[in-house]
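Commentary on secondary and tertiary structure
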Amino acid sequence: MTRALFVVDVQNDFTERGALGVVGGDEVAQRITRFLGAHAVDYEIVVASRDWHDGDNDNGGHFAAGEPDFIDTWPAHCVAGTYGAEYDEGFDTSSITHHLKKGQGKPAYSLFEGVADDGTTAASLLERHGIIDIDVVGLATDYCVRASALDAIEHGRRVRIFTDLVAGVHPDSSQKALDEIAHAGAELIESGG
């Protein structure tokens, strides 16, 4: 078995009640939980990332000083140790084998920018476990899912995006992101349950 599942940023601040809530985020969290209940055994590793930003600085300009532009600058979100940074309540993490935190003082979008508490990275996990194929799910399609999938392709992996297990900030930018990911070589499919 050389397949991994990447679960990107299924956090309270990216679901309906959060600072940067995505419409359908809670439903995606619940669908991912159901999918893992049936399919976690199909994966060598299941890696989940979380934005994990500092609360006492602007995280390298990631947090807007004034009005955010929602492209490079954002309202404060996913501050380490807060409710917003925790996994969404509908997301059961019991099948997650590795937890990565990204941000931590600087802008970060891709799961590949995250590190585990022991310093382990996504790239080192892929090498250690001989992972060739990666399935990607999570939030938000047009930002962190996009960046994570493109990085996985850049790392020479075969990537599938489960389109029923992602949700984006905006329909147009989400479709553009999916088109870009597919053009880069990923397969766009539904999870099949």
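Residues numbered from 1 in each chain as written. Predicted model: local features only at pLDDT ≥ 70, side-chain atom pairs only at ≥ 80, totals over all residues. Heavy atoms only, no water.

Brief notes about the pattern of salt bridges
As a reminder, the rule being used: We define a salt bridge as a side-chain nitrogen of Lys or Arg found within 4 Å of a carboxyl oxygen belonging to Asp or Glu. Only runs of H or I of at least four residues qualify as helices and only runs of E of at least two qualify as strands under DSSP, and these elements are numbered from the N terminus. Type-normalised accessible area, obtained with a 1.4 Å probe on protein chains alone, sets the label of each residue: buried when under 20%, exposed when over 50%, and partly exposed for intermediate values.
Counted according to the given criterion, the structure contains 14 salt bridges. For K102, the salt bridge is made with D51, and the minimal N-O distance between the two is 2.6 Å. With K102 in strand β3 (residues 98-103) and D51 in strand β2 (residues 45-52), the pair connects residues that are 51 residues apart, well separated along the chain. Take D51: its relative accessible area is 1%, and that puts it in the buried class. What emerges from the salt-bridge pattern is a single network uniting R3, D133, D135, R158 and R160.

Some details on the side chain of H62
Applicable threshold: Throughout, a residue-residue contact means that at least one pair of heavy atoms, one from each residue, lies within 4.5 Å.
Counting through the fold element by element, H62 comes out in the loop between β2 and β3. When neighbours within four sequence positions are excluded, H62 is seen to be in contact with H53, D72, T73, W74, H77, P107 and Y109.

As for the sheet that holds β3
Rules: A pair of strands counts as paired when DSSP detects no fewer than two bridges linking them. For helices, the fitted axis covers only the stretch in contact; all axes are lines through C-alpha atoms, and the angles between them, taken along N-to-C directions, range from 0 to 180 degrees.
Spatial ordering of the open sheet is given by β3-β2-β1-β4-β5-β6, a layout of six strands whose pairing is parallel. Edge positions in the open sheet fall to β3 and β6 (187-189), since each of these has one partner strand only. Pairs of neighbouring strands in the sheet enclose a mean axial angle of 25 degrees, with direction left out of account. The sheet contacts of helix α1 (residues 25-39) involve β1 (3-8), β2, β4 (133-139) and β5 (158-167), and relative to β5 the element is tilted by about 125 degrees.

Quick notes on helix α4 (residues 171-183)
Where we set the bar: By this rule, a helix spans an expected 1.5 Å times one less than how many residues it contains.
Taking 1.5 Å of rise per residue, the 13 residues of α4 would be expected to cover 18 Å, and the 18 Å separating its terminal C-alpha atoms lies within 8% of that figure. Count one or two residues on from α4 and you reach G185, which has phi positive near 125 degrees.

Details of the packing of aromatic side chains
Convention followed: Side-chain rings of Phe, Tyr and Trp, where Trp is taken by its six-membered ring, are said to pair if the distance between their centres is within 6.5 Å; with planes under 30 degrees apart they count as stacked, over 60 as edge-to-face, and otherwise as tilted. Whether a charge sits over a ring comes down to the Lys NZ or Arg CZ being within 6 Å of the ring centre and within 35 degrees of the ring normal.
If you walk through the whole model with that rule in mind, you get six aromatic pairs. Note on Y87 and F91: the rings are 5.4 Å apart at their centroids and 80 degrees apart in plane angle, and the pair reads as edge-to-face. Exposure class is identical for Y87 and F91. Each is buried. Grouping aromatic residues by their ring pairs yields a cluster made of F35, Y43 and F162. Here R50 stacks its cationic end above the ring of Y87, 4.3 Å away from the centre of that ring.

Description of the packing of helix α3 (residues 141-154) against α4
What counts is decided by this rule: Each angle receives one of four descriptions, namely roughly parallel if under 35 degrees, roughly antiparallel if over 145, roughly perpendicular if within 65 to 115, and oblique otherwise. When residue character is reported, Ala, Val, Leu, Ile, Met, Phe, Trp, Tyr, Cys and Pro are called nonpolar, Asp, Glu, Lys and Arg charged, and the others, Gly included, polar.
Direction vectors running N to C along α3 and α4 enclose 5 degrees, while the axes themselves pass 9 Å from each other. When the axes of α3 and α4 are compared, the pair comes out roughly parallel. Listed contacts from α4 to T141, D142, R146, A149, L150 and I153 of α3 are S173, S174, A177, L178, E180 and I181. Among the residues making up the contact of α3 with α4, the classes are represented as six nonpolar, three polar and three charged.

Some words on the nonpolar core
The nonpolar side chains of a soluble globular protein tend to be buried, and buried together. Short version of the rule: Definition of nonpolar core: a set of buried residues of the types Ala, Val, Leu, Ile, Met, Phe, Trp, Tyr and Cys, connected through side-chain atoms within 4.5 Å.
Core analysis: the largest hydrophobic core is formed by 28 residues, its most contacted members being L5, V7, I32, L36 and F91. Those elements giving two or more residues to this core turn out to be β1, α1, β2, β4 and β5. For this core, the leading source of residues is α1, giving five residues. Counting residues in hydrophobic clusters, the runner-up holds 27 residues, among them C144, L150, A152 and I161.

Focus: the environment of Q175
For clarity, the threshold we go by: In protein, a polar contact means a hydrogen-donor-capable atom and an acceptor-capable atom, both N or O and within 3.5 Å, with residues adjacent in sequence counting only if both atoms are side-chain atoms; elsewhere, any N or O pair within 3.5 Å suffices.
Structurally, Q175 can be placed in helix α4. Considering only alpha carbons, one finds Q175 and T141, 34 residues apart in sequence, at a separation of 8.4 Å. Among the polar contacts made by the side chain of Q175, one reaches the side chain of D179 at a distance of 2.8 Å.

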